[in-house]
Amino acid sequence: MADAPQKQSSSCLTLVCINVAVLIVLLLAIEVGYRAFIPGVSLSGQPSVMYMQYSPYVMFTNGPNTHYERWENLFGKEPIKADVTANNYGYTVRNDFDITRPYKKAPNEKVVLFSGGSTAWGVGASTNEKMTYARLEEFLNAAQKDVHYTVVNLAMGGWIAQQQVIALDLWGRLYHPDWVVTLDGANDASVGCAMSQGTGYPAHYQIMKSYLDGYLLSQDNPSFYRGYLENLLVKYSAAYRGVTHKQYIPQNQTYDNGFADVKMRVITPTPLSDLRNELAFYILSEESILERFQDAKYLLTTQPWQQEFDFVFGTFYGITDPIARAKAEEAHVEMIDKWLDSYNPTQTQCSNARSNIALRYVLGLSAIKLHQLVDQYRQSHRRDVEYYNTGLLFPKKTKDRENYFTDTAHLNDLGQEVLARFYAYNILLRDFPTRDWSKLRPPELQFQ
């Protein structure tokens, strides 16, 4: 009879061990399944969208030495396989940067700095060598042997133009550039209002501010980890506060749950009327870029967009007479201003659902404003600078534009080659104006 409890205890222990073993096997099976069969989950843990990290001065960059194996493809049946790597500062150039060591140019070398957001960074390219900056360097050096061109990519995903200004100060000055080429506008049209971060603030600013204010800047003894339930315990328990010396973190953020990306859900209430300020801030940032390198030549360009060109930018781009073009631009600006007023912008809040309003107003009108800014610099002989709207290089029909894009903002290998050819044409034409470079220039498919 004494053996019965022992046998029962042994049987229970065996049952527990079997259940634990089954649980471990199931967990291992799930892990193996994700690694082997679930798209986008790589062994390295790298995502199929850019992985960002906090960085001094510029707020955030792509993570250092990251590797990307795929990009989402909105217009194809399958994701784009990729083999894309970043350097120690998260840029897609192969060589690492040293923020304190100036670059030594060869006697016959010219340096081109390429600046912008994720489109310029290279999202959508299958390899680093297929990115716009790399193809540009390839085209420049294959077309002539007089000088050697080095193209340095200082673009970063999610950046607005003011972050580009700072990056040019930090890293660009080390290269004593002969050229600065910008490809931007979409982030400046979306971060402030469509993402509700407010004029002048970069992407993710409001959530970063929330964490910094809540944990670091308002705490005498900030704790690194804090869960929701513990935070409530800190709020209501004097004993817990006394033992841990922790302080309650108030939950006073404003949320917009319309964003799939949880990092964008913390916003600041922003009226649609703020779009006018965002446009002005963008143009001032581009002017700051023009004030950076006194001896460099500049090419400012508006990045292409997959959606209908005429809706965003207007129908006047085919006008060649300068006076008629100026009148058409003025009429378009007046029309878009009235169109914005129709939404009662002082009372209507910015949101992800109203991103097309922000895009049409800021991106569309910034193309006109940049054109005017460049004309002012050229007429005063303050800079050797040109402006171009790269959307003109792609077909008029949105369905046909899909052949060059992975989504509404990012380009595949073919789209990046189109940009690289145009940039090479413009640079060589201005560096060697007596030669014929017309074979390099891609056609303006918008007019075909």
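Structural data are supplied above this passage.
Keep in mind that this is a model prediction, so the values were computed, not measured.

Participant: I'd love a proper account of the side chain of serine 55, names of residues and values included.
Facilitator: Among the secondary structure elements, serine 55 is positioned in strand S1 (residues 52-55). With a relative accessible area of 7%, serine 55 lands in the buried category. Here the side chain of serine 55 touches threonine 61 through a polar contact of 2.8 Å, side chain to side chain.

Participant: Please give an account of empty space enclosed by the protein that cites residues and values.
Facilitator: Summary: where empty space remains is shown by rolling a probe the size of a single water molecule over the atoms. For the structure shown, the criterion picks out one cavity of 30 Å³ or more. In this structure, the largest cavity occupies an estimated 70 Å³ of space. For the lining of the largest cavity, the secondary-structure elements that each account for two or more residues are helix H5 (186-190) and helix H9 (275-290). Tallying contributions element by element places H9 first for the lining of the largest cavity, with three residues. Residue classes in the lining of the largest cavity are distributed as five nonpolar, five polar and two charged.

Participant: Lay out the state of the cysteines in plain terms, naming residues and giving numbers.
Facilitator: With the rule as written, the count across this model stands at one disulfide. What pairs with cysteine 193 in a disulfide is cysteine 350, and their sulfur atoms sit 1.9 Å apart. Taking the sign of the S-S torsion, -100° for the link of cysteine 193 and cysteine 350, the bridge is left-handed. Taken as a pair, cysteine 193 in the loop between H5 and helix H6 (205-217) and cysteine 350 in the loop between helix H11 (322-341) and helix H12 (355-379) lie far apart in primary sequence, 157 residues in all. Residue classification places cysteine 193 among the buried residues on the basis of a relative accessible area of 0%.

What counts as what
Residues numbered from 1 in each chain as written. Predicted model: local features only at pLDDT ≥ 70, side-chain atom pairs only at ≥ 80, totals over all residues. Heavy atoms only, no water. Helix = DSSP H or I, 4+ residues; strand = E, 2+ residues; numbered from the N terminus. Buried < 20%, exposed > 50% of the residue type's maximum accessible area, 1.4 Å probe, protein only. Polar contact = N/O pair within 3.5 Å; in protein donor to acceptor, adjacent residues only side chain to side chain. 1 Å grid on protein atoms, 1.4 Å probe; cavity = no way out; pocket = protein on both sides within 12 Å on 5 of 7 lines; lining within 4 Å. Points joined across faces, edges and corners; volume = space filled by probe spheres on them. Nonpolar A, V, L, I, M, F, W, Y, C, P; charged D, E, K, R; others polar. Disulfide = S-S within 2.5 Å.

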